[in-house]
Structures are given as structure tokens and as C-alpha cells.
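Analysis of the macromolecular model
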Amino acid sequence: MWRYLIPISVFAVLAAFFARGLNLNPRYVPSPLIGKPAPEFELPQLKNPEIVVGTQDLTGNVALLNVWATWCVGCRQEHGFLVELAEANDLPIYGLNWKDNRPTAMSWLSSLGDPYVASAFDELGEVAIDWGVYGAPETFLLARDGTVLYKHIAPLTREVWTTEFLPRIIAECGALPCLPVGSE
Amino acid sequence: MNRRSFIAFVWLLFVGTASAIDPEPPLEDPVIESAYRELINEVRCLVCQNQTIADSNAPLAADLRREIRRMMGEGASRAEVIDFLITRYGDFVLYRPPFQPTTWLLWGAPVLLLGIGAIVFARILRVRTKQPLEESNSLDEMTL
């Protein structure tokens, strides 16, 4: 009896491990920033280098920070949905323009629409490192107090928005639109 | 192939492994430079996950090398740089993950499997030695 049971159970354990391993997405690396305060940053705005955009603009609101670049195919894919979201005006969307070229990025926004309240221009990718960015597009959801609530790595779709973002936003805000405290 | 070209050939075999993608000049302090080299060979490039940032020419790897160089050049210790990386990218960024509850199985598995192998081996040996001597002799003759 044992003669058969042992190999079969060893096989079952191995198969369970492999099945789990094969179904994980190796591209998805969970962010250690979830539940922690958003990393501080200050960068020139994409459209106006004279104006600074940074952490203090994000806090006070439940906000999105979307990491994008014109060289990023997934960003092109999700852009339409971001524009739709911006039109709904439920919460402010900020951009982090990552290792990009200023004129190219500006013409991309003028031709495809600009969903961002402001985009920070991170030419050297230094702020992106602080945020643990490794593959655009990435979208962070931030609480009013500046805590990172969630990070999505891949193009943002309506499905992801409904299943992952909306419940967290509702939990934070009660209802949409998600207004800053004091403005209600 | 004559002797000299053979030596050149062997030498070339090793040259490839010594070179790195990092185009930056070495840091001034050779001790820091070697610590830097050692560390970038243990940090995973998250864009091309089976490469270290020393091997990868992905833009993110270049940015991380630049950041680590800067930190170490300013006197940051190895532990400080590792901490910097983990708070941003998580343990996955290290090729040598720390020993903690979530990695006990990972680190323990080789010892565990070796132990299971040893038990199985010992059992088989015991069963075999219990077998009558003539039978094993005849088996030996058969295999010969």
C-alpha cells in the first residue's frame, strides 16, 4: 500500500506547487509601498517646467498617479480610458511622465487628450525609482492622507477599474465623486 | 592552431565574462568599486527578470546602477543600499532573498529534499542488505 501511496502523494505535492507556480504572473511584483505613505517628490511639470508638482499636490485628495511615457505601448492602450475617467471627474488623475522626451510627450497629450491635472516630468527616472516603478503603465491609488492604497501594473481597463479601484475608492470616500475633505 | 593563437583563444574565452554593460568609469575608491560590482551582481533587473542589473542594458537597470553608484560613492553601506532597494521594489529585487517566514520553505527546501532523499536511500539500502546473499550474487552475475 505505502509503496504506491508515497510516490503518488509526492507527485501530488509537486504538481500542486508547479500548478501554483505556472499560474502566477512573474511580471507582477507586489509593491511594498501599499499601506505606506507615498514617497515624497517634487518635479517640474511637463507642460510648464517653471511650476513644480509633487506629493503635496496629491495629498488631501483621493487621487491617481499614473506612470506613463510615449515609448510605452500599454500607455497608448489605456490612454482612452484615462481620458474617459478624467471626463467623469470623480477624482484627480496626476501623471508621472517617465524617462520621456518633453516635446514628444506634449504633442502626445495634445493629440490624444490630456487626462491629467498635471504630469510630473521625470526625465532621469529618479522619482520612479522611489516609487518602485519598473514597467509602465503603472497606476497608484492614493488615499487623502497620502497613503498608497493600491498599485496596478498593466494598462488600466474598465474591468480593473470596477473590480480593483472602485471598491477601494468607495471605502475611502463613501461615494463618488470623491471630493477633498472640507469642500463638501 | 599554434600555441600563441591557442593562448589568445583561451584568454578571449574569459574576457567576455569580465566585461560589463556598465559604461561608467570605475569609482575612485577601489574598495567601494568592488563592493559596488558585487552588489549590482546580486540585484535583479525587474524589467528582464532573469538578469541582474549588472548584466542588463534595460534603461531601468542603468538608472538603478546610477543610483547605487551615487549612494555608495557618498558612503552608503551595502546594507543601506539593500534596504533602499527593498523598501521600493520588495525582496524580489534581491537574488539572495532574506531568511524570513515567507522564505523559510525556499531556503529550507534543499535541506528538506536532501533529508527525504537520505531517508529513502537508507530504507532501500536496508531492504537490499536484508535480501539473501545468493540472490544478490546472482543479480551481480546477471548485470555482469
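Residues numbered from 1 in each chain as written. Chains lettered and ligands numbered in written order. Predicted model: local features only at pLDDT ≥ 70, side-chain atom pairs only at ≥ 80, totals over all residues.

Within chain A, the regular secondary structure consists of 6 helices and 7 strands. Sequence-ordered secondary structure for chain A, helices as α and strands as β, is α-β-β-α-β-α-β-α-β-α-β-β-α. A compact globule built from 184 residues should have a C-alpha radius of gyration of about 16 Å, whereas chain A, at 20 Å, is more than 25% larger. A principal-axis box enclosing the C-alpha atoms of chain A has dimensions of 75 × 40 × 30 Å. For chain A, contacts bridging at least 24 residues in sequence account for 74% of all contacts bridging at least 6. (Helix = DSSP H or I, 4+ residues; strand = E, 2+ residues; numbered from the N terminus. Rg over C-alpha atoms; globule rule 2.2 N^0.38 Å. Contact = placed C-beta atoms within 7 Å.)

Turning our attention to the overall build of chain B. When helices and strands are tallied, chain B shows 6 helices and 0 strands. For chain B, the α and β elements follow one another from N to C terminus as α-α-α-α-α-α. Out of the 144 residues in chain B, the part that is buried amounts to 15%. Summarising the internal contacts of chain B: among those between residues at least 6 apart in sequence, 45% fall at separations of at least 24. (Buried ≥ 20, exposed ≤ 12 C-beta atoms within 10 Å, placed from the backbone.)

This brings us to the interface of chain B and chain A. Listed per partner, the contact involves 14 residues of chain B and 12 residues of chain A. Mapped by element, the contributors of at least two residues to the side of chain B that touches chain A are α3 (59–73) and α4 (78–89) of chain B. With 5 residues, the top contributor of residues to the side of chain B that touches chain A is α3 of chain B. Looking at side-chain class alone, the side of chain B that touches chain A contains 8 nonpolar, 3 polar and 3 charged residues. (Nonpolar A, V, L, I, M, F, W, Y, C, P; charged D, E, K, R; others polar.)

On to the pairing of strand β6 (residues 138–142) of chain A, then. Residue and element names in this part refer to chain A. Within β6, 5 of the 5 residues are buried, leaving the element largely enclosed by the surrounding structure. Residues Glu-138, Phe-140 and Leu-142 line one face of β6 and the alternating positions Thr-139 and Leu-141 line the opposite face, and both faces are buried. When strand β3 (residues 63–68) meets β6, the two strands line up antiparallel, connected through 5 bridges. Within β6, the residue paired with Ala-63 across the bridge is Leu-142. (Pairing = 2+ DSSP bridges.)

In terms of nonpolar packing, the biggest core is built from 60 residues, with Ala-63, Leu-64, Leu-65, Tyr-94, Trp-98, Ala-128 and Leu-142 of chain A touching the most fellow members. Once residues lying within four places of it in the same chain are set aside, the contact partners of Tyr-94 of chain A are Asp-57, Leu-58, Ala-63, Leu-64, Leu-65, Tyr-116, Val-117 and Ala-118 of chain A. (Core = buried A, V, L, I, M, F, W, Y, C linked by C-beta atoms within 7 Å.)

Residue and element names in this part refer to chain A. Within the fold, Gly-21 resides in helix α1 (residues 2–23). Under the C-beta neighbour-count criterion, Gly-21 is labelled exposed, with 9 such atoms within 10 Å. Separated by 48 residues in the primary sequence, Gly-21 and Ala-69 place their C-alpha atoms 31 Å from one another.

This part covers the domain arrangement of chain B. When its domains are assigned, chain B resolves into domain 1 (1–98) and domain 2 (99–131). Taking only C-alpha atoms, the centre of domain 1 of chain B and the centre of domain 2 of chain B are 35 Å apart. (Domains from an automatic or database assignment.)

As a further point, take the sheet that holds β3 of chain A. Residues and elements named next belong to chain A. One open sheet holds the 5 strands; their spatial order is β5-β4-β3-β6-β7, and the pairing between them is mixed. Among the strands making up the open sheet, the edge pair consists of β5 (118–122) and β7 (148–153). When the angles between neighbouring strand axes are averaged without regard to direction, this sheet yields 20°. (Axes fitted to C-alpha atoms, helices over the stretch in contact; angles between N-to-C directions.)

Residue and element names in this part refer to chain A. For the bond running from Ala-136 to Pro-137, omega is -5°, close enough to zero to count as cis. Relative to the helices and strands, Pro-137 is located in the loop between α5 (126–130) and β6. With a phi angle near 60°, Asn-89 is a residue other than glycine that sits in the positive phi range. Structurally, the position occupied by Asn-89 is in the loop between α3 (73–88) and β4 (93–98). A positive phi angle is found at Ala-154, which is not glycine, with a value near 145°. Tracing the backbone shows Ala-154 in the loop between β7 and α6 (158–173).

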